[in-house]
Structures are given as structure tokens and as C-alpha cells.
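Structural features, examined
Chain by chain, the residues run as shown.
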2 protein chains.
Amino acid sequence: MDIGALLTSAGINIALCILLFSLYSILRKQPSNRVVYFGRRLASVRIRNNDFFSIDRFVPSPSWIWKAWETTEEEILAIGGLDALAFQRMLTFGIRIFSIAAIICLVLVLPMNYYGKEMQHKHIPSESLDVFTIGNVKEGSRWLWAHCLALYVISCASCLLLYFEYKSITQMRLAHITRSHLDPSHFTILVRSIPWSPGGSYSDTVRNFFTNYYASSYLSHQMVYRRGIIQKLMVDAEKMCKMLIPVPSDRPNLQPCCFCARNTNSFKMLSSEPDSIKDDISFSDLTVVSRDDEVPAAFVFFKTRYSAVVATQMLQSSNPMLWVTEMAPEPHDVLWSNLSIPYKQLWLRRIATLLAAIVFMFLFLIPVTFVQGLTQLDKLSRTFPFLRGILKKAFISLVVTGYLPSVILMLFLYTVPPMMMFFSSAEGHVSRSERKRSAGLKILYFTIWNVFFVNVFSGSVISQLNVFSSVRDIPMELAKVIPTQASFFMTYVLTSGWASLACELMQLFPLGCNVIKKFILRIEEDSSDDLMTFPYHTEVPRVLLFALIGFTCAIMAPLILPFLLVYFFMAFLVYRNQILNVYIPKYEGGGRFWPMVHNTTIFSLVLSQIIAIGVFGIKQSPIASSFTFPLVICTLLFNEYCRQRFSPVFNKDAVQVLVEMDRRDELSGRMNEIYQQLHSAYCQFPVSNHEFCQSVQAHGSVNIEDPGPMDPQGNTRGKESSEVSEPWAVVNFGRE
Amino acid sequence: MDIGALLTSAGINIALCILLFSLYSILRKQPSNRVVYFGRRLASVRIRNNDFFSIDRFVPSPSWIWKAWETTEEEILAIGGLDALAFQRMLTFGIRIFSIAAIICLVLVLPMNYYGKEMQHKHIPSESLDVFTIGNVKEGSRWLWAHCLALYVISCASCLLLYFEYKSITQMRLAHITRSHLDPSHFTILVRSIPWSPGGSYSDTVRNFFTNYYASSYLSHQMVYRRGIIQKLMVDAEKMCKMLIPVPSDRPNLQPCCFCARNTNSFKMLSSEPDSIKDDISFSDLTVVSRDDEVPAAFVFFKTRYSAVVATQMLQSSNPMLWVTEMAPEPHDVLWSNLSIPYKQLWLRRIATLLAAIVFMFLFLIPVTFVQGLTQLDKLSRTFPFLRGILKKAFISLVVTGYLPSVILMLFLYTVPPMMMFFSSAEGHVSRSERKRSAGLKILYFTIWNVFFVNVFSGSVISQLNVFSSVRDIPMELAKVIPTQASFFMTYVLTSGWASLACELMQLFPLGCNVIKKFILRIEEDSSDDLMTFPYHTEVPRVLLFALIGFTCAIMAPLILPFLLVYFFMAFLVYRNQILNVYIPKYEGGGRFWPMVHNTTIFSLVLSQIIAIGVFGIKQSPIASSFTFPLVICTLLFNEYCRQRFSPVFNKDAVQVLVEMDRRDELSGRMNEIYQQLHSAYCQFPVSNHEFCQSVQAHGSVNIEDPGPMDPQGNTRGKESSEVSEPWAVVNFGRE
């Protein structure tokens, strides 16, 4: 590949991106696509129906870019939560570090590569890309010091930036905890593996245990029930009901139940409607939750945040497999279906899914090697002689070698996130955010292995799958391969990177579904079920993969850096826009995926340093090679320091913070208010039936000290009316 | 090597052992050796001087064996603590599992090996040892199923036994915690990395922090001071004083200080002596402990065990590098010198010592390969031509090839424990038991690597040190090598194993020191400083190494099992005797090294299974090979289950246990008594000076609520007299 071809490819991709972005700016103005492009806003504000025709609707405009650019970090934090802000920080980190890398590598390293060998240089556009890589520097050259220096600068700058990012995100996390003082999950722990006592129910056992050992701080508890057929019916009925009267709400899945029957705000619209619907749906014959339906798991509520955390940190019983406690996830974050998994199965499930994920990772090699085989047409026509006729045609050959491999690979890659999500579900995580984080980690390993390493190695030596039998040779192999694979990675950034951003912006799948729904099935009403949370589990690994490619290629083939910078800059704008308009934050992850980002970046840095050592070795510059060695050690030490200094904050809450928060709330008298919200927050069955509630209350699992005033429907009206009286902004969508 | 030679070697070793054991039974009867062979008893009872001559003293007797055999587990627990009992359990586990293995392997596997090939068998004594190994089974033989079955039986029996041992030791640990209700370490935590506040001292900072965040449970605290020259002088003076009047005590190092000046029982003998000595030693001008000498570390005392554990489990500050808490070690277990190491250094120290230990492990390869070189005389004489004359003599050649390698290896191996102990000290552990455990782990890795793996590989392929470049081939290599190395391991068990037990019994080094002291330096008085604690850090890895050899060789070369059984049985008796008579338990480790024993046994099992898979592969029995594979997985799953089920108990104390203990003590009114002991327990400087105490008390770090009655010397007389009135048993040593 020469420079001319690269620039042509870049030109085509730029044109494609501009086209798609313009198409997006038109599509988003169509009222029928509102649910696709303005899901988050739809969830928070009421819509004015403005289906009138105007020419304006079909003129592309870059207004969304300005809007995304102008948004401040505070707004991102308020709209998307800490996770969204941490994601943005990851992108700005990418922009910063690759700007530095681009400057130093284009100024210092690129000329060294270009003039590395005494040779007759062609006209630049027809120059091969290899001339710009480190492969062009002659062996034993003194100029390799420039590469070594550039590596030092990039590594030091990354560590410095990483340190400040980690520090600032840690502080933001602490600030977030302090700020979210009404969060019921701070007061709640999840108890699993409750031992069975022959006399009473699980509920009695829980009450006895906590009144015995946590007498001063125990408030009440809420059992988890088996999700039987009756409950399923209830949920279906609830859904039916919702379809009839959509309930606009900031967090659409929040439907507190009647288990506890306090300040329930689901079905609140019903009360302002005629009674006809209410009469249609009668749950009175469905209210059967017996003692036998209890699962040995419960949410236990404490009087202070401090005591809740204490209860999670301690080993409760001398049998560590009983009374296992952990902090409860946020109410909307709870994965109820996984709560009934017996705790004793969990370690087996974890091992099984780990093995399954590894097997899946290696099975994926089959399509990858098949795809690699497609690029070698003569081999293919030898294996399948009947294809020989077709493959001889120039166009078919172009399609098969040029596009088909990428398409097949992309199709296979699309199966990865659902598969990993399935594995993480099977693992038995009790919260959606935890499941997403675990799936994200699996996808990250998968991507780094299958997109980076396998492509690198199979690109050079397809048949040598036993290249990994010898561990010691891996750095050398990488050092040989990476510079030659630079052109592949450049096109990967151009096509997969830029295209993925355009796809993300276009939301092709939801758009397609919406078109089918609106124009084929003729369903006009937008349902809030279509709203999505930000797919961190796919997007974080994607961005981290590009950072990995950037770090490893930076000093080897500096020409990749401008394209990568464009990718990061576009990603910055696109994801901002998506956070502002599309995705809703159903729950708050608290930036807990940052340690993953940090560790992966350190891994990328160390990998690039090891490759550099290998390359310096191949280029017979042992001094540069041994000068790079301390850099690896320093980077690892830096990582260890950060692990000591920051990562505990992402796993445990500090006593100082908790006690201060408890004291503040006690002084301001907010505690009672919080206690009353606790029970309604953790509700398994989103139904609203008075009798059902009463039966459960008679059952004895609800014993909050101060029940507060209640109306005959079991709803506290005050709370509801305050939500209803929220000023519903009337906004013109797509008309900025 | 043939059977005859093996039996001769065994005979020689048996004779040697009997000789040494007889010598021991004579030596132990000599009054001058009492301090060597009855150190523990010396520490607990008063000695009657019975130096009279009798012929009985020079007749060997096996009475010590009966005594050791008759001792019950309860007595071991009472005398040596839980660690000693766990060590005994390890030995009985060895006896049990290798009995089972010996029965099944000698009955089932040995005939299969012997008749494995169609060959003319010689007379058994002149038969080569190789005929009894799996190497003699012909390829593709159906008889390999016997080996597979034996492996299954051994693995299942081990897992079963391991499970019950782990369970019983866990229960004993819980019982031990419940029983030791006066242990001050349950109420005490160690706080490190106290932040510096410009206004006040560290002591003020600690008090403010804990009265703020742990107001209800905080009792008092005790700062740690820099160990300056003045304190060293004090300690020296104390020692001098002790040499003049030895203080018999159950736990000789217990010299509570005057920092707190309650129930101090050191120097208690002084008060019953004339005042002359007291006047000689005046500390009044040495009492300078200023604010500047404080180290940012403190022992903080809590009102209940529960709240102390809570304080250690929580993250105190939002900066995880500040206010780091952990459970305090037992008072006699504290390594004061390491307490002044800044906490921020610890992670660096840990990494540095890890690297140093790894480097040391690999540097050790140099003497090993040198030793291996000695066995090839022709090579040696080629390298050093001037030695050719000497090496031609038969005797010299025998010594050089036969004894010198073992002697050199043994000498080098003797440097390992002090070296690893030094590394563990440098790591910054704050307790002696923790340091010992860490050193034990290092020695274990070292032994398994340098004695097992390196000997196995260098025995077969000396020059091939790059055998490890290819990870995948290791099982195959092991499978090839282990059966051929069986004779080496048999002699290793005979010589190193049995001899090490005889040496342990004889206590050669202390005996030598004692002889020099008594007969050359003419010091008659026995000092309690010579008493030793049980060297778990060297003995546990040694026993585990023999178990590893046993597991890996069991089905390969079953002839090793009888010798191993003899080793374990002798070890059982010898170590019992040593626990009863020699070693004193200065501190209680609580059986915390058991998880290490368990994990190493599992490692040995899995290694032997992997080797078996390799051997079955070489013998072309792929079905037996694939039948063994599930066994590996099941063993690993079993280990994971045990890790989940038992190991948390070895790291954390359970709420149920702690709360029950606290309640019992509160009801019985023992709490006040415990509170009063707390301060005197953790005392850095073992001196007894009233003014010194007063200055410290004025300094403000002592504020126990109920100080109790005190005499002018700062001692509570009641406690002292109760200790003095203990009936000192008068025992005839060595005259059972």
C-alpha cells in the first residue's frame, strides 16, 4: 500500500462519514424517529406533536456538533451520571495523549524512519507505507535513540495523565457518593445463603439474626420471592396496563410495588383516569405469595450507611458459605432473576462461564482463519475447484478479497456482545451494572485477543497457530510483525473505527426497528421499553482497542496517529451527542469501570514498550533496548502505586465519608424520610394491589418503625402529586 | 541401582538412625545438655540440681519414643498451641494417605510394573530398580488401567482426608479463638500511616480520629516510638539485670513495661531480693520519650472484640494510604523494629523482596549445576587438568562423586532459611508469626523449584537449561524424567529425609554451642535466650517436599512408598518429642499455615495427575490419559470449594463468634479485668521505671477509664503474688 492509496481510502471514508453525519442530521429532524434519536429526552419531557411539514426538515445541519461541543462536564454529569463522565474522560485522555504522541512522532520519529536507509526516494504519494515505519531504519542505526526518546516521552506523559485522571475520577466518585444522600442502596445490604431453620420461615431467621447481632442498627428487611407463574402474569398485566396509559417518568423502569405500599408512584396516572381500566384489571385472585415462595436471600435495611457497610465487610458466620453479605445494588439495578440462584452454585457458575468464555474465544479463531484464507484467492480456488470460474472475474475477486473478509468478521463480531452478556448473566451477578462490567471485561479480553493478537499473528503466519508454544519468543515475534501490520491497523482505524462511530450515531438497528414498526406494523405510539442504557460493555472495549493500537504503533508507524486523533475527536463529539439525546441512565455505576480503563492503558503501554525492546533488539541496538527496560519496570511500579492509592475507593466506601453523611442527615432530620423510602425502593413485583400488600404485611416481612400516613390505595399522595406537578418542558425536537 | 544396593543403603541409614537415636537418648540424660533438649520444660518448671553420677545416664533407652507416642492431641494443643497440633495433623495426614497409597500401589501397581514386559527376570535382589517402575510396562499395555485406578484411589482418598482435616482444623481454630478469651490482641488494632497534623502530635491525631468516628467503642491507644539509642541502653541494662536474677516465666519474653504501669510482672524477683541491685541500675536519667520520637503508628484498644474487627475491616479514609488498620498481632509476636517502617514503603519493599527472592532462587542454580558437574569426573578432569592425578585414586573419586555433591548442596541449602527470613524481615511484616509464615512460603517455593524440578531436569539433561522455553512440553518432559529419577528420590528420602530427622532430634547446632559454652567458655548458667520457637518455616516445607515426592512417584515407582511411610512415622515421633521438650510457644499462630499445606498438597496431587497423563500418553494409552483428565478438573474444583468454604475463617473472625464472646465476658464481668491488661500488654520498651511512666502518662497517650489501684513502684501487687504462688513443679529431667 502506498501513500496515495491510503489517502484515497481516507478520502472515501471521510466522504462516507460526512454523508452519514448529514443523513443523521436530517433523520433526527423527522418526528417519527424521535424515539430513536431522542430517547433520553422523550423519557424526561413531554412531547409537543409537531408533525407539520417544512423544508427545514430535509436540510442537513451541523447544529448537533455545536451542541455536543458546548456541553460542559457538569451537564454531562447531571444528564448521564458519573459513568458517562468517566467515559468522556477516557476519550479526552485519548485526545490528549495521542496529540502529544502525534507531535513528537511526526516531528521526531517520522523523518528518522523516512531517511533511515540510504535509498532513492520516490515522489511521496507513490511511496510505500513501509518507508514510514521503523522497518525502514537500518540496523545498528544511531537514530533509534529518537524512537527511544519518543517512547519515554509518550510513556511519561501517559502515566502523568493517567495519574491525574485517576485522581480526579476518584474525587468525583467521592463527591458523587456524598451528593447522592437519598440513595436507598447506601442503607441496604443484600444477604444471601440464609440458613434454613425447620421451625420458621427465612424471614423469621433473618429477623432473629439481625436483631441478635446488629440490634442497634437493624431497621427491617425485605425477602426475595421465587418468581412463579402468578407473578409473571402480574407483570404481564402491568405491561398491558402500561401500554394503555404510558407513564412519563425520569427513570422509566421505576415502578415501586405494593409489597410495602408506601409512596408508590406506578399507576399514578390511573387515578386521574376514568375507573374503567382499573376495573378491567383485578389482581385480587393473584395475590399468593406464601412462605414456600421465599428464596434464601433478602434485602436488609439499616439505620445508618455506616452500619450497612460494616455488615457487608464482616464475616457473619463461622461457616463462610452462610449469611453472605454484600452492598445492595441500586433499586433499578437489581437483577431479580439472579437473586434466586443458590449462593453455593455461584463459584461453580463463575468457573464454568470462565471456561466457556475461553472456549468461545478460541472457537472464534475458526472464522478468523477462514476470513484470512479468503484473501488468498488461489488457495481458495484450489480448495473449491467449482468456484474457479466465478473467482476469475475481476469484480467478484475484488469483492471476495476486499470486502467479504471484513463483512464476515464484522458479522461474527456482532455475536460477541450478546454472547458475553449471556455468559455474565449465567455467572449470577445480582446487578445489571455488575453484569455489564463483567461482560465488558470479557469483551475487552476477547477484542484484544481476537482483533489484535490473532490478526497480528495470522496476518503474517496464517498456518503457524503454534506460534504461542514458546512464550519467550512472543516479544520478538510481535516486534517482527507489528511494523509490517501497520497498514492493516491504519485501514482498521479508518474503516472499523470511523464507520463504527457513524453507525453509533445513526443507530441503525433501532432505526430499522422503528421504520418497521411505524411504516409496516403501523404502530404509532412510542413505548418507553425501547429506551436503552449506554452500552459501556461494548463501547469501552472498542475505544480501548484503538488506544492499544495507537500505543503499539505510535513509534513503529507514526502515520497512524493523525487518523487515530480524528477517531478520538469524532468519538468525543458522537458519544457526547448520544449521552445527551439517546441513552437514559437507568442506574448509576459510579465510574466503577475506570480501574479497567486504567489497567488496560497500562497494559497497552507495557506491551508497546516490550515490542520496542524487541524491535531495538532486531535492529541491533542493544543499548536502546536495555534503556527501555527500566521504563517497563517504572510503568509497572506506577501501576502498582495507583492500585494502592486509588483502587480501594472503587471497592469500599470510607468510614470518614459515611459517618459524615449520616451525621449530616441526622442533624437535618432527613433520616425518617429516607427510612420510609427504603422499603418501597426494593420491590420485586411491580404491581399495585392493596390486598396483595396486606397479605404480605400480615406475612410479617415488613416492620418499619414509622409507617407514615397512607391512603386507602396504599399510596402516599403527597409524594405522587409532587412528581405530577413537575413542570413538563415542551421542547421542539430536532429544531435547535 | 539394583534392589540389593537399595536395601544396603536402607540398612546403613537405619543403622545410622538407630545409632543417632541411641546417642540422643544418652545425651538427653546429661544435666549439662538440659538447656538443649528440655528447653520448653526449663522455661516452665524449676530445676533440681541432680548432677550426681549414675550408670543409668550412659545406657540408651527408648523411653522418649513411648512418651511421644502416648501424648494425646489435647496435650499437644495445651503445650505447643494450635500450630503444633496442625503440624502433627499434617504428619498424620501423610501417614494415612501414604499407607493407603502403599497398600494399593504395592498390591496392584508393583506387580503390573514388574511383569509389564515379557522378559527374563533375574533373582530379585540383583534386579534393577527400573524394573519396578512404570518404565517397565510395555507401550499400549492394558495394565495401565491399574495405574489409572490407583491414581483415582489416591486422589479421592487425599481429597477426602484433606477435606476432613481442613474442617477439623477450622473447628479447632474457632474453638481456640473462643477459648482464648483473655487475649489482648482481640481488642487491639494496629493503625499505621497516621497523617501528620501540624498542630499536635500523632497521639492527639489518633485520639481525635477515633473519638470522632468510633466514639462508642474506642478505649485508648498506645503510640509506637522510634527506637533510639537511649532505649537501646535501657534494654541492655534490662538484659544485664536479667542475667543477674533470672525470672522463670511461662512465656519468657513477656516483660510488660511501665508505659502503663499496671500489673507489671517483670523485675518481680527484684522486690524479694536485697535492694542492692536495684540501686545499681537507675534509669532516672534515661527517661526521654518526646513527641518527636513518635512514629505514625499506634495500637488502638477497643471496648469489644467486635468493634476492633469492624475497625480493621473498614476503609477509614478516602485516601486508602492513610489510616491503614489491621488486627494487632499478639503482644509477644510484635516485631517492633518493623513498626517504624513508613507504610508507603511497604508495597515497594514487597515487590523488591519478591524480585530478590526470585533472583536468589535462580542464582542457586549455579551451585546445583556445579554439583551435578562433580558427578561426571571425566568432564571435571578435562576442565581442571591439574586435578587429573588426584581424581584417578579410587577413594578420592568415590568421595568426590558420592559424598561431595550432597555435602555441597546441603551446605548451600543451609543458607536458604536465614536468607528467606532476611527477605521476609525486609518485607516489613509487623509480627514474628507473619514473618515466619512468609519465609515458610518462600522456602516452600524455593524447595519445590530447586530440589524437585531442577534436580529432576538437570539429572537427565544437565546442559539443557532452556528446557523451560516451551511451556507445553513440560508435562511430557516430566513424564519422561520422573520414572527414571525414582532411584534418586528414593535415596533422597533415605538420606536427606531420615538424616534430617536424626539431626532435628540431636539438635546439633545448639548442642555444639552448648558444649562450647559449658566446656570451653565455662559458663554454667543456662540463659532463657537460648530457647527457640518451633521452626515451622523450615520444617513445613521439608515435610511438604517429601509429600510432593511421594505423590508424584507413587504410581510411577511404588517402591518409594515404604521408605516414605517410615519417614512420616519417624517424623511423627520426633517432632512430637521436640514439641514436648524443646521448643517453646512464644506466640500462637492459630494454625494459619494450614491453607498453605492444603494448597501445596493439591498442587502435588495435580502435578502427579498431569505427569500421569504425560506417562499414559508416552505409553500410548490415550484412553487412560483422557480418563485422568477429569480427575485434574475435579481436584481443582475441590480445591476451589475448600477455598470458598474454609479459608475465609483463617483470614477473618466471624461476627457470631466475636459477639458471643463479648457478651459472655460482659455478663461475667471480666471486661474490666481485660481492659486493665490491655495497655501493659503492648509495651515497646521492657523497662520498669516509675518516673518514665509518669512522664509518658503526662504526655497523654494513656487514658484508660479505670486505672485501678497502684503501688509506688507502679505494680499491682495482687497479680504478682498470684503468679509467684504458682506451684513450681520439681522434675527430674531425662529420668522418665
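Residues numbered from 1 in each chain as written. Chains lettered and ligands numbered in written order. Predicted model: local features only at pLDDT ≥ 70, side-chain atom pairs only at ≥ 80, totals over all residues.

- Per an unreviewed UniProt entry, chain A carries the name CSC1-like protein RXW8 and comes from Jatropha curcas.
- According to UniProt, the comment filed for chain A under the heading Sequence similarities (unreviewed entry) is "Belongs to the CSC1 (TC 1.A.17) family."
- Checking UniProt for chain A, the heading Subcellular location (unreviewed entry) contains the comment "Membrane". (UniProt positions renumbered as here; feature names shortened; annotations may be inferred.)

Some thoughts on the relation of the copies chain A and chain B
- When chain A is brought onto chain B, the operation consists of a screw motion whose angular component is 180° and whose axial shift is 0.0 Å, with 0.0 Å RMSD remaining. Given the turn and translation reported, the copies of this chain are related as if by a two-fold rotation axis.
- When the interface residues of chain A are mapped onto chain B, 100% of them again fall at the interface, so both copies present the same face. (Least-squares fit on C-alpha atoms with pLDDT ≥ 70 in both. Contact = placed C-beta atoms within 7 Å.)

Quick look at the sheet that holds strand S5 (residues 324-327) of chain A
Residues and elements named next belong to chain A.
- Taken in spatial order, the four strands of this open sheet run S3-S4-S2-S5, and their pairing is antiparallel. Where the open sheet ends on each side, the last strands, each with one partner, are strand S3 (218-225) and S5. Sheet twist, expressed as the average angle between the axes of neighbouring strands with direction ignored, equals 25°.
- Bridge count for strand S2 (residues 188-192) against S5 is four bridges, and the pairing is antiparallel. (Pairing = 2+ DSSP bridges. Helix = DSSP H or I, 4+ residues; strand = E, 2+ residues; numbered from the N terminus. Axes fitted to C-alpha atoms, helices over the stretch in contact; angles between N-to-C directions.)

Side note on the interface of chain A and chain B
- Between chain A and chain B, the contact holds 30 residues from the first and 30 residues from the second.
- Elements that contribute at least two residues to the side of chain A that touches chain B include exactly helix H11 (305-313), helix H13 (343-363), helix H26 (622-645), helix H27 (647-651) and helix H28 (655-668) of chain A.
- At four residues, H28(A) tops the list of elements feeding residues into the side of chain A that touches chain B.
- Grouping the amino acids of the side of chain A that touches chain B by side-chain chemistry returns 17 nonpolar, eight polar and five charged. (Nonpolar A, V, L, I, M, F, W, Y, C, P; charged D, E, K, R; others polar.)

Some details on the pairing of S3(A)
All names here are of chain A.
- Counting buried residues in S3 gives eight out of eight residues, a clear majority hidden from the surface.
- In terms of strand pairing, S3 meets strand S4 (residues 294-302) through seven bridges, oriented antiparallel. If you follow Val224 over to S4, its bridge partner there is Val295. (Buried ≥ 20, exposed ≤ 12 C-beta atoms within 10 Å, placed from the backbone.)

Notes on the sheet that holds strand S3 (residues 218-225) of chain B
Residue and element names in this part refer to chain B.
- Strand order in this open sheet of four strands is S3-S4-S2-S5, and the pairing throughout is antiparallel. At either end of the open sheet lies a strand with only one pairing partner, and these are S3 and strand S5 (324-327). Within the sheet, the average angular offset between the axes of one strand and its neighbour, ignoring direction, is 25°.

With respect to the nonpolar core
- A:Val493 and A:Ile560 are the most contacted members of the largest nonpolar core, which totals 114 residues.
- A per-element tally of this core places helix H5 (residues 73-114) of chain A first, with 18 residues.
- Residues B:Leu162, B:Trp498, B:Tyr567 and B:Val582 belong to the second largest nonpolar core, which totals 112 residues. (Core = buried A, V, L, I, M, F, W, Y, C linked by C-beta atoms within 7 Å.)

Section: the confidence of the model for chain A
Residues and elements named next belong to chain A.
- When the pLDDT values of chain A are averaged, the result is 78; 77% of them are 70 or greater.
- Per-residue pLDDT stays below 50 along residues 246-288; that stretch engages in 95 contacts with residues further than four places along the chain or on separate chains.
- In the predicted structure, residues 687-736 sits below a pLDDT of 50 and forms 85 contacts with residues beyond four places in sequence or in another chain.
- If you check the scores for this complex, the pTM reads 0.82 and the ipTM reads 0.80. (pLDDT = per-residue confidence, 0-100.)

Section: helix H22 (residues 508-520) of chain A
- Spanning 13 residues, H22(A) covers 17 Å between terminal C-alpha atoms, matching the ideal 18 Å at 1.5 Å per step.
- Of the residues flanking the end of H22(A), it is A:Arg522, one or two places downstream, whose phi is positive at about 60°. (Expected span 1.5 Å × (residues − 1).)

So, unusual backbone geometry
- Phi is positive for A:Ser193, close to 55°, though the residue is something other than glycine.
- With respect to the secondary-structure elements, A:Ser193 resides in the loop between S2 and helix H7 (202-213).
- On the basis of neighbour counts, which here come to 19 C-beta atoms within 10 Å, the residue A:Ser193 falls in the partly exposed class.
- One non-glycine residue, B:Trp323, lies in the positive phi region at around 50°.
- Among the structural elements, B:Trp323 can be located in the loop between helix H11 (305-313) and S5.
- Residue B:Trp323 is classed as buried on the basis of its 26 C-beta neighbours within 10 Å.

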